[in-house]
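Remarks on the overall topology
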Amino acid sequence: MMDSAELDWLSHVAVPVLAVSADKVVAMNPMAAALFGCARDALPMDLAALFGHAGACIASLFQSEGQEIPDTIRVTCIIAGAPRHLTVGARLVAPGGAGSGGLWALTFIEVGEVLDSADTAPSDADRASSASLEGTGAASGNGWIKMLPAILDRLPVALLIEDENNLGVFVNRGFTDIFEYGLDEIARIEDWWVKLYPDPIVRENAERDWSEKLTNAAAGDGTISTSEFQVHCGGGADKMVQSHSFRIGDYRVHSYVDVSQRHQITVDLQLLADTDPLTGILNRRSFFHHATTLMRADRPLAALLFDVDHFKLVNDRLGHAFGDQVLVEIAVRCRSVLGPADVLARVGGEEFAVLLPRHDEAHAAAAAERLRNAMVSAPVTGLLGSQSITISVGGACARQGEFSIDELLQRADNALYAAKRAGRDCVRFDPGVPLDASF
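Since the structure is predicted, the reported quantities are computational estimates derived from the model, not experimental observations.

**Considerations on the sheet that holds strand β14 (residues 351-357)**
Across the sheet, which stays open at both edges, the five strands sit in the order β13-β14-β12-β17-β18 with mixed pairing between neighbours. Looking at the sheet topology across the chains shown, the edges are occupied by β13 (343-346) and β18 (427-429). Across the sheet, the mean angle separating the axes of adjacent strands is 20° when strand polarity is ignored. With three bridges connecting them, strand β17 (residues 391-397) and β18 associate as parallel partners. From the neighbouring strand, G394 faces β18, where its bridge partner is R428. The sheet contacts of helix α11 (residues 284-296) involve β12 (301-308), β13 and β14, and relative to β14 the element is tilted by about 25°.

**Topic: helix α15 (residues 405-421)**
Helix length check: α15 (17 residues) gives 24 Å between terminal C-alpha atoms against 24 Å at 1.5 Å per residue, within 8%. Among the residues of α15, those classed as buried are I405, L408, L409, R411, A412, A415, L416 and A419. Relative to the axis of α15, the buried residues are bounded by an arc of 155° and lie together on one face. Looking at α15, the residues exposed on the side facing more than 90 degrees away from the buried face are D406 and R421. Structurally, α15 contributes buried residues whose contacts are with α11, β12, β14, β17 and β18. A positive phi of about 115° marks G423, the residue just after α15.

**Focus: the pattern of salt bridges**
In this structure the tally under the stated criterion is 17 salt bridges. With its nearest N and O atoms 2.5 Å apart, the salt bridge here joins K24 to D46. Taken together, the residues K24 in strand β2 (residues 24-28) and D46 in strand β3 (residues 45-46) connect sequence positions 22 residues apart. Residues participating in the shared-partner salt-bridge network are R188, E190 and D191.

**Describing the layout of surface pockets**
Here the second largest pocket is characterised by a volume of approximately 310 Å³. In this structure, the second largest pocket is lined by 18 residues; those nearest its centre are W192, W193, Y197, W210 and F229. Broken down by secondary-structure element, the contributors of at least two residues to the lining of the second largest pocket are β7 (158-162), α8 (189-196), α9 (200-216), β9 (222-232), β10 (238-248) and β11 (251-258). Classifying every residue of the lining of the second largest pocket by side-chain character gives nine nonpolar, five polar and four charged.

**Some words on the environment of C397**
With respect to the helices, strands and loops of the structure, C397 is situated in strand β17. Separated by 14 residues in the primary sequence, C397 and R411 have C-alpha atoms spaced 8.7 Å apart.

**Section: the nonpolar core**
One finds F306 and I330 to be the most contacted residues of the largest nonpolar core, which totals 31 residues. Elements with a minimum of two residues in this core: β12, α12 (311-318), α13 (320-337), β14, α14 (361-376), β17 and β18. Here F306 is in contact with I330, C334, E350, E351, F352, V354, L371, I391, S392, V393 and L416, once residues within four sequence places are set aside.

**So, the sheet that holds strand β8 (residues 168-171)**
Strand order across the open sheet formed by five strands is β8-β7-β11-β10-β9, with antiparallel pairing between neighbours. The sheet terminates laterally at β8 and β9, the two strands that pair on one side only. Sheet twist, expressed as the mean angle between neighbouring strand axes with direction ignored, is 20°. With ten bridges joining them, β9 and β10 adopt antiparallel strand pairing. Bridge assignment links Q230 to a residue of β10, and that residue is M240. Here helix α10 (residues 260-274) sits on the sheet in contact with β9, β10 and β11, set at roughly 125° to β10.

**Considering the confidence of the model for the chain**
Considering every residue of the chain, the mean pLDDT works out to 82; 82% of them sit at 70 or more. For the chain, helix α4 (residues 124-130) is the element with the lowest average pLDDT, namely 39, and β13 is the one with the highest, namely 97. Every residue in residues 433-439 scores below 50 in pLDDT, and together they form 20 contacts with partners more than four places removed in sequence or on other chains.

**Some details on the environment of A42**
Take A42: it is sitting in the loop between α1 (30-36) and β3. Residue A42 is classed as partly exposed on the basis of its relative accessible area, which comes to 41%. Sequence spacing of A42 and V25 is 17 residues, and the spatial spacing of their C-alpha atoms is 9.9 Å.

Criteria and thresholds
Residues numbered from 1 in each chain as written. Predicted model: local features only at pLDDT ≥ 70, side-chain atom pairs only at ≥ 80, totals over all residues. Heavy atoms only, no water. Pairing = 2+ DSSP bridges. Helix = DSSP H or I, 4+ residues; strand = E, 2+ residues; numbered from the N terminus. Axes fitted to C-alpha atoms, helices over the stretch in contact; angles between N-to-C directions. Contact = heavy atoms within 4.5 Å. Expected span 1.5 Å × (residues − 1). Buried < 20%, exposed > 50% of the residue type's maximum accessible area, 1.4 Å probe, protein only. Arc of directions from axis to C-beta. Salt bridge = Lys/Arg side-chain N within 4 Å of Asp/Glu carboxyl O. 1 Å grid on protein atoms, 1.4 Å probe; cavity = no way out; pocket = protein on both sides within 12 Å on 5 of 7 lines; lining within 4 Å. Points joined across faces, edges and corners; volume = space filled by probe spheres on them. Nonpolar A, V, L, I, M, F, W, Y, C, P; charged D, E, K, R; others polar. Core = buried A, V, L, I, M, F, W, Y, C linked by side-chain atoms within 4.5 Å. pLDDT = per-residue confidence, 0-100.

If you want it as structure tokens, here you go:
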């Protein structure tokens, strides 16, 4: 007889498994204990004590000598007071000596629903009849059933199956490849939430979202939800997965596909669409998108437009490569003096724009002066030389009831030309009445 340590492998099998020797159940894995409602410390026990009349039929799988028997049988037995229909498979895992019969592993797959009413429970005669051998081998055309776990392992998706108690009962190889967790690590739904959503706030939102989907899903078999979400995997990486969850009887089946690469491509493409490739700040298209959103908010908003004084002379004297370096340095200096909520963009060759949420004219003028001072604080130096730079800044504040970004920018542009007429390297504001700000 094997000792208990040699049977530890049972706990890693993703279906209910019993270890049987000489008609006695000597070990079972946690999934079998949950299925049969039996404490493992009650072992060993007779097959008949666990399966009743069906025990003799199950024993025939490994007691028949010289007879051709099927690889699996189907039996009906009473579990937790209710009849269940099970497909039982047997495999010899440790041959024994003369007369001992060896050690057998029995696997169980539930193939029918639990009967709800005691009135429909089968009689003793029915049990004996139901426990008769029902071959499911290749001869009956169902040999593929034996290969089902291997088939599921080779699918290019991850699979998780949960029972009515929110307990994971099966995962395929694709699941462990994506999530980097085995079934024993995430079988309980509590472990799933904690391991895949380590941030408590993210976890709370994810649990609430799943609960709402379960509540709103139609009763019976069918789709529960299709969604994409980010999870933290066992190897430490965060991944985006696409899921499809559906009910089949008392079980929930979840399929997952790793869409991290596709998601990153989408993010990268969006970044390219929104970003000026030279300076790394927002481009003109993205600036107007932000501007339209901020104007609709009906809150205090100021706009600044500025360009580099005599930039053409810089290009003519030191070349376009140095001119590009000047533009990059301007973006760096602007970001160093603007706030996190401020919007900075390059909207033309040497023209930049800034949106300042919650700024009245006084605060916007102070921000404009910080920008101007950041430019004159030090020359731009490169391989081709050094050049002091200055900017002219025009600003305007949104008027009460003004919702057109084009009108706001036109007034800021008028102020910019006023700054140039005043000698450049200065700040001018449109004289319109600004919207009162609340900070």
